[in-house]
Amino acid sequence: MALPSNHRWIAVGKLSISNRTNAPHYAPEFTLQDLIHALSDRIARNDTHRQYSKESRLMWCADLNEDNEYHRLILQAGDKNTTGVSFYHFQELTSRDIDKEEDEGSHYASHILIKKTPDATGRNLILIEKVPGIYLSSIKGMSAKRVGKASLTDDVAKIASPCQPGEVRCPPNPCSIPF
């Protein structure tokens, strides 16, 4: 499945990092910074790949960066349960197929922004570029494997809009957030 080059779907939600329910009362509180530190450490050790779904899928985190307001990362996924790719030439009216090898799969990457400053309830705004295989539950699962417990809500909005490479436009008040 190819992604369109002229628009992206974006999910906007809120991220909450906390201790597991069964954690002892004296356990230190987990924070967003603990999650970022754990991801940074795993990236530095090249230990970010996680297989799941009977080892037919793979997920990993890469390119963790930050600025004054946001943590920016790329979450990637691979899926072996896909077919080869076909392209169609619109002028020549011919198709070209590319076969897939046994251990190959489709590769998708999602840009993610997490606002550093939490809201009044202690949750951090999160923006996720929606691609096949990466959903709000994927972010929750990936986060929970690293520290404590993560919960996500998508109660803010889900939007789609035209964009230029490297930016997201949020209607009705256009704004740009560079990746």
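Refer to the structure presented above.
Please read these numbers as outputs of a predicted model, since none were measured by experiment.

Caption draft 1: Representation of the pattern of salt bridges in the model. Using the criterion set out here, one finds nine salt bridges in the structure. Here aspartate 41 and arginine 45 are joined by a salt bridge, their closest N and O atoms 2.9 Å apart. By relative accessible area, arginine 45 is classed as partly exposed at 48%. Among the ionic pairs, aspartate 79 bridges to arginine 57, the shortest N-O distance being 3.4 Å. With aspartate 79 in strand 4 (residues 70–79) and arginine 57 in strand 3 (residues 57–66), this residue pair connects regions lying 22 residues apart in the sequence.

Caption draft 2: Layout of the pairing of strand 8 (residues 124–130). Extensive coverage of strand 8 is indicated by the burial of five of its seven residues. By the bridge criterion, three bridges tie strand 7 (residues 106–115) to strand 8 in an arrangement that is antiparallel. Its bridge partner lying in strand 8, isoleucine 114 is registered against isoleucine 126.

Caption draft 3: Spotlight on the nonpolar core. Grouped together as the largest cluster of nonpolar side chains are 19 residues, with contacts concentrated most on Leu73, Leu75, Ile112 and Ile114. Looking at this core, the elements with two or more residues in it are strand 1 (7–18), helix 1 (32–44), strand 3, strand 4, strand 7 and strand 8. Looking at this core element by element, the count peaks at four residues for helix 1. In this structure, Val12, Tyr70, Leu113 and Leu127 belong to the second largest nonpolar core, which totals five residues.

Each value, and the rule that gives it
- Numbers given to residues run from 1 along each chain, matching the order in which its sequence is written.
- Thresholds applied to this predicted model are a pLDDT of at least 70 for local features of residues and 80 or more for the giving and counting of side-chain atom pairs; totals over whole chains, interfaces and linings are not thresholded and use all residues.
- As a rule here, side-chain values cover all heavy atoms of the structure and leave hydrogens and water aside.
- Only one rule defines a salt bridge in this text: a Lys or Arg side-chain nitrogen within 4 Å of an Asp or Glu carboxyl oxygen.
- Any residue under 20% of the maximum accessible area for its type is buried, any over 50% is exposed, and the rest in between are partly exposed; the area is computed with a 1.4 Å probe on protein chains only.
- Here a strand is any run of E in DSSP of at least two residues, a helix any run of H or I of at least four, and the numbering for each starts at the N terminus.
- Two strands form a pair only when DSSP identifies at least two bridges running between them.
- Put simply, buried Ala, Val, Leu, Ile, Met, Phe, Trp, Tyr and Cys residues joined by side-chain atoms within 4.5 Å make one nonpolar core.

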